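# Chain and residue survey
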Amino acid sequence: MADLDVGELAPQFELPRDGGGSLNLAALLGKPVVLYFYPQDDTTGCTNEAIGFSQLKPEFEKLGAVVIGLSPDSVGKHDKFKSKYGLTVDLVADEERKVIEAYRLWVEKKLYGRRYMGVERATFLIGSDGRIARIWRNVRVKGHAEAVLEAVRAL
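A quick note: this is a predicted structure, and the numbers were derived from the prediction, not measured. (Residues numbered from 1 in each chain as written. Predicted model: local features only at pLDDT ≥ 70, side-chain atom pairs only at ≥ 80, totals over all residues. Heavy atoms only, no water.)

## Some words on the overall build of the protein
Scanning the protein from N- to C-terminus turns up four helices and nine strands. Reading the secondary structure of the protein in the N-to-C direction produces β-β-β-α-β-α-β-α-β-β-β-β-α. Here the protein has a C-alpha radius of gyration of 14 Å; the compact-globule value for 155 residues is 15 Å, and the two agree. Here the C-alpha coordinates of the protein stretch approximately 40 × 35 × 30 Å along the principal axes. Among the 155 residues that make up the protein, the fraction classed as buried is 44%. Taking all contacts inside the protein whose residues are at least 6 apart in sequence as the whole, residues at least 24 apart take part in 63%. (Helix = DSSP H or I, 4+ residues; strand = E, 2+ residues; numbered from the N terminus. Rg over C-alpha atoms; globule rule 2.2 N^0.38 Å. Buried < 20%, exposed > 50% of the residue type's maximum accessible area, 1.4 Å probe, protein only. Contact = heavy atoms within 4.5 Å.)

Here you go:
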């Protein structure tokens with residue numbers, strides 16, 4: 001299956017979210033959406049990424065943008081993760097990996113010579129028209145939230 005590309009309609013979803021209820025991407029049409037995928041709550045890289053986006057959330061909001069973090073962790077894990085670090089971004093749970101797979105992010109990874117399947121750290125900027133405006137794959141966390149904010153400003 002080919003990767004998604006800029007200009008394509010973003011795959012739609014409705015997933016359970018932290019704090020209860022669900023989040024529906026289609027309901028956000030008309031607003032830019034920063035959808036970042038991360039492997040697991042409460043790991044160093046994922047924590048730093050979530051803190052970075054949380055710190056910049058007021059700037060994203062000034063631009064009318066919504067920031068959503070997505071991982072295969074449960075809502076319960078998301079709630080603990082948010083509470084532990086004072087995170088303010090929305091987190092959604094894709095325990096069945098349907099959205100992760102729709103965005104082509106369930107990939108083979110390699111660590112210390114061991115191969116395994118996991119979530120690729122990636123971010124999709126979805127324009128107010130529901131189309132993918134920008135994609136960052138194999139994200140390096142340092143400076144990433146700032147780079148995404150600049151891209152939202154450029155929309």
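Moving on from the coordinates now.
## Here we look at helix H2 (residues 75–85)
Among the residues of H2, those classed as buried are His-78, Phe-81 and Lys-82. One side of H2 holds all its buried residues, which, seen down the axis, span an arc of 95°. Set apart from the buried face of H2 by more than 90 degrees, the exposed residues are Lys-80, Ser-83 and Lys-84. Structurally, H2 contributes buried residues whose contacts are with helix H1 (44–62), strand S4 (66–71) and strand S5 (90–93). Of the residues trailing H2, Gly-86 is marked for its positive phi of about 65°. (Arc of directions from axis to C-beta.)

## Comments concerning the layout of surface pockets
Taken as a whole, the largest pocket spans an internal volume of roughly 450 Å³. Breaking the lining of the largest pocket down by element, the ones donating at least two residues are H1, strand S6 (106–111) and strand S7 (114–119). Here the lining of the largest pocket is composed, by residue class, of eight nonpolar, six polar and five charged. (1 Å grid on protein atoms, 1.4 Å probe; cavity = no way out; pocket = protein on both sides within 12 Å on 5 of 7 lines; lining within 4 Å. Points joined across faces, edges and corners; volume = space filled by probe spheres on them. Nonpolar A, V, L, I, M, F, W, Y, C, P; charged D, E, K, R; others polar.)

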